[in-house]
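Geometric and topological summary
Take a look at the letters that make up each chain.
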Amino acid sequence: MSIKKSIPIFAFLFITIFEPPFLPIPLIYLQAVFDFIYIFTIFINSRNKIKLRIFDNSEMNKYLYLVIMLAILLTVDRLVDIIFFNGDLSSSNWLKSINQLIVLTFIEFVNISIIIRCLHINKFKFNDLLYMIVNVGVLQGIISIFAFIFPKFRTILLTFAGDIYTNSWMLERRGYGFSLSLLDGFGFGMGLIAGIIIINLEYSSLKNTICQLIKLFIVIFSITVNSRTGLIITAVAVILKISISKDLRSTLIKLPISIIIFYIVILALIPLINAGMGSTNINVSWMCSDIGGLIKAFFPSANINTTAVQAQMTSNPYYNLISSVEFPNSVYQLLFGMGWQVYEGSRIGYRSDNGFINMIWMFGFIGTIFYYLYNLYIHLKILFKVKNSTFVLLIFNFISLLIYSIKGRPLGYSSGIVIFYLVIFSATYFIHMNIKDGGVNDTI
């Protein structure tokens, strides 16, 4: 891979994934202006028809139909809520949802189409994209380390990061990096990057193995100081790496063994987690209590110091993320949605971080199930057309979406959603091009 040709793609990739806040307005909207100028210039000056095929060959066009359908359903649900259920007339919640569904998603897709086009015209392969995604994550991880060590540097990075870091509680516990969001969507993205490293980790030489492990450590550090959701996603990557292959018999044997080993490792870490929760360092105690709550949520019988976890419960939703659940009251709204997000404190009187719950309030059980089934379908469609490492990566990509949805909304912009789309749409595109070319240039 040519370093000279990869630098502009790398820079654009970093901006697209993390949208670093170096301006007083969200960069993603300015990037959209650049995107459309760039595309218009290509249309005027280029005869290369690849620009017209990317949306089709990556199947982003079909996914856009899904997004439009959800936006229509959201609008109908909102009208039904107002007309038949005396719903609140405020439109701010609906407008935010439409912005996430249509505007931000379309900008992400345009960015991804530009990245795929640049990869294609420079004759880069799918693995080259994965390599750049990993290095983008490593760069962000290095920034996180410097922000953790040097408070003044961190302050500079957070200058335009939004009002969230004017909250002293949040400032003490998060915000070590250079991204529009350093919350759960960031953990989702960095967890995907850690997973890419793990799944593609092969021993070719001692030097290469050490290099990959250092990259993994840097990415995991950034996850740990910002969003522990990514640690679960990273753990899933380890389990899949050990146990999943195209050989079903091998998978059925190795999967339960790897899960048992993972459980034993978690139990072994509990004394360390309990000790960390008693630390006088606010960041350390909060991280450990967050991880402790996370372990307790998935392993209720674990010997976690629940007193310390509950002491941090003001903003630690892991411990009661599943138990504190409410659904719309009417049968219609339960099936088709109410057109409301409940992520923020809403006039409904209920809020939840849980992505599944937010999806149900917005689109109902029918819309929510259809959304996840469609995402499963687009992964299964190409799953058996790829090599073993990409086979595992695609399984990991979809499972990670499900895990993230326990903690965050799978719509709109986040680092994780961008990487999720990049993996599936670029894999689909390169498979399509390989089939068309007779499989001569095997990229995945």
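Here, every reference points to the structure presented above.
Residues numbered from 1 in each chain as written. Predicted model: local features only at pLDDT ≥ 70, side-chain atom pairs only at ≥ 80, totals over all residues. Heavy atoms only, no water.

1. Topic: the overall build of the protein
Across its full length, the protein holds 18 helices and zero strands. Taken over 444 residues, the protein has a buried fraction of 54%. Restricting the contact set of the protein to residue pairs at least 6 apart, pairs at least 24 apart contribute 73%. (Helix = DSSP H or I, 4+ residues; strand = E, 2+ residues; numbered from the N terminus. Buried < 20%, exposed > 50% of the residue type's maximum accessible area, 1.4 Å probe, protein only. Contact = heavy atoms within 4.5 Å.)

2. Let's talk about the nonpolar core
Grouped together as the largest cluster of nonpolar side chains are 108 residues, with contacts concentrated most on Leu 13, Tyr 63, Phe 363, Tyr 371, Phe 396 and Leu 422. Top contributing element to this core by residue count: helix α18 (residues 415-436), with 14 residues. The contacts of Leu 422, once residues within four sequence positions are left out, are Leu 13, Ile 17, Ile 112, Ile 115, Leu 129, Ile 133 and Ala 427. Counting residues in each nonpolar core, the second largest holds nine residues, with Ile 270, Cys 288, Ile 291 and Ala 302 among its members. (Core = buried A, V, L, I, M, F, W, Y, C linked by side-chain atoms within 4.5 Å.)

3. Observations concerning the layout of surface pockets
When its volume is computed, the second largest pocket comes out at roughly 910 Å³. Taken together, 32 residues form the lining of the second largest pocket, with Leu 231, Ile 232, Ala 235, Phe 262 and Ile 266 sitting closest to its centre. Partitioning the lining of the second largest pocket into residue classes produces 29 nonpolar, three polar and no charged. (1 Å grid on protein atoms, 1.4 Å probe; cavity = no way out; pocket = protein on both sides within 12 Å on 5 of 7 lines; lining within 4 Å. Points joined across faces, edges and corners; volume = space filled by probe spheres on them. Nonpolar A, V, L, I, M, F, W, Y, C, P; charged D, E, K, R; others polar.)

4. Here we look at unusual backbone geometry
Backbone geometry places Glu 59, a non-glycine residue, at a positive phi of 65 degrees. Locating Glu 59 in the fold gives a position in the loop between α3 (50-57) and α4 (60-84). When its relative accessible area of 15% is taken as the criterion, Glu 59 is described as buried. Within the chain, Lys 123 stands out as a residue other than glycine whose phi angle is a positive 60 degrees.

5. Here's the deal with helix α10 (residues 206-226)
End to end, α10 covers 31 Å across 21 residues, agreeing with the expected 30 Å (1.5 Å per residue, within 8%). Those residues of α10 that fall on the buried side of the exposure criterion are Thr 209, Gln 212, Lys 215, Leu 216, Ile 218, Val 219, Ser 222, Ile 223, Thr 224, Val 225 and Asn 226. (Expected span 1.5 Å × (residues − 1).)

6. A word on a nonpolar patch on the surface
Nonpolar side chains collect at one region of the surface, where Tyr 29, Tyr 65, Ile 68, Ile 72, Val 76, Ile 102 and Val 103 lie side by side and expose about 610 Å² of accessible area between them. Contributing elements (two or more residues each) for the nonpolar patch: α4 and α5 (92-121). In terms of residue count, the dominant contributor to the nonpolar patch is α4 (four residues). Within the fold, Tyr 65 resides in helix α4. (Patch = residues over 30% accessible without salt bridge, like charges linked within 9 Å, V, L, I, M, F, W, Y side chains within 5 Å. Areas by Shrake-Rupley, 256 points an atom, 1.4 Å probe, with all protein chains shown as cover. Salt bridge = Lys/Arg side-chain N within 4 Å of Asp/Glu carboxyl O.)

7. Examining empty space enclosed by the protein
If you walk through the whole model with that rule in mind, you get three cavities of 30 Å³ or more. Taken as a whole, the second largest cavity spans an internal volume of roughly 40 Å³. Ser 58, Glu 59, Ile 378, Lys 381, Ile 382, Ile 424, Phe 425 and Thr 428 together form the lining of the second largest cavity. Of all elements in the fold, only α16 (355-383) and α18 reach the threshold of two or more residues within the lining of the second largest cavity. Of the residues contributing to the lining of the second largest cavity, the split by class is four nonpolar, two polar and two charged.

8. So, the packing of α4 against α5
Interhelical geometry of α4 versus α5 gives an angle of 175 degrees and a closest axis separation of 10 Å. Here α4 is positioned roughly antiparallel relative to α5, judged by the angle of their axes. Across the interface between the two elements, Met 60, Tyr 63, Leu 64, Val 67, Ile 68, Leu 70, Ala 71, Leu 74, Thr 75 and Arg 78 from α4 touch Trp 94, Ser 97, Ile 98, Leu 101, Ile 102, Thr 105, Phe 106, Phe 109, Ile 112, Ser 113 and Ile 116 from α5. Among the residues forming the contact of α4 with α5, the class breakdown is 16 nonpolar, four polar and one charged. (Axes fitted to C-alpha atoms, helices over the stretch in contact; angles between N-to-C directions. Parallel < 35°, antiparallel > 145°, perpendicular 65-115°, else oblique.)

9. Regarding the environment of Asn 303
Residue position: Asn 303 is located in the loop between α13 (282-298) and α14 (306-311). Assessed through its relative accessible area of 63%, Asn 303 is described here as exposed. Separated by 11 residues in sequence, Asn 303 and Gly 292 place their C-alpha atoms 9.5 Å apart. When near neighbours in sequence (up to four residues on either side) are disregarded, Asn 303 contacts Ile 270 and Asn 274.

10. Observations regarding the packing of aromatic side chains
Enumeration according to the criterion identifies 25 aromatic pairs in this entry. Where Phe 109 meets Tyr 421, the ring centres are 5.0 Å apart and the plane angle is 85 degrees; that geometry is what we call edge-to-face. Residue Phe 109 is located in helix α5, and its partner Tyr 421 is located in helix α18; the two are separated by 312 residues in the primary sequence. When its relative accessible area of 0% is taken as the criterion, Phe 109 is described as buried. An angle of 45 degrees between the planes, with centres 5.9 Å apart, marks the rings of Tyr 374 and Tyr 377 as tilted. One end of the pair is Tyr 374 and the other is Tyr 377, both in helix α16 and three residues apart, which spans about a single turn. Relative accessible area serves as the criterion here: at 42%, Tyr 377 is assigned to the partly exposed category. Site record: aromatic cluster; members linked through ring pairs are Tyr 63, Phe 109, Tyr 374, Tyr 377, Phe 420, Tyr 421 and Phe 425. Lying across the ring of Tyr 343, Arg 409 places its NZ or CZ 3.8 Å from the centre. (Phe/Tyr/Trp six-rings, centres within 6.5 Å; stacked < 30°, edge-to-face > 60°. Lys NZ or Arg CZ within 6 Å of the ring centre and 35° of its normal.)

Interpretation note: all reported values are geometric properties and have no functional meaning in isolation.
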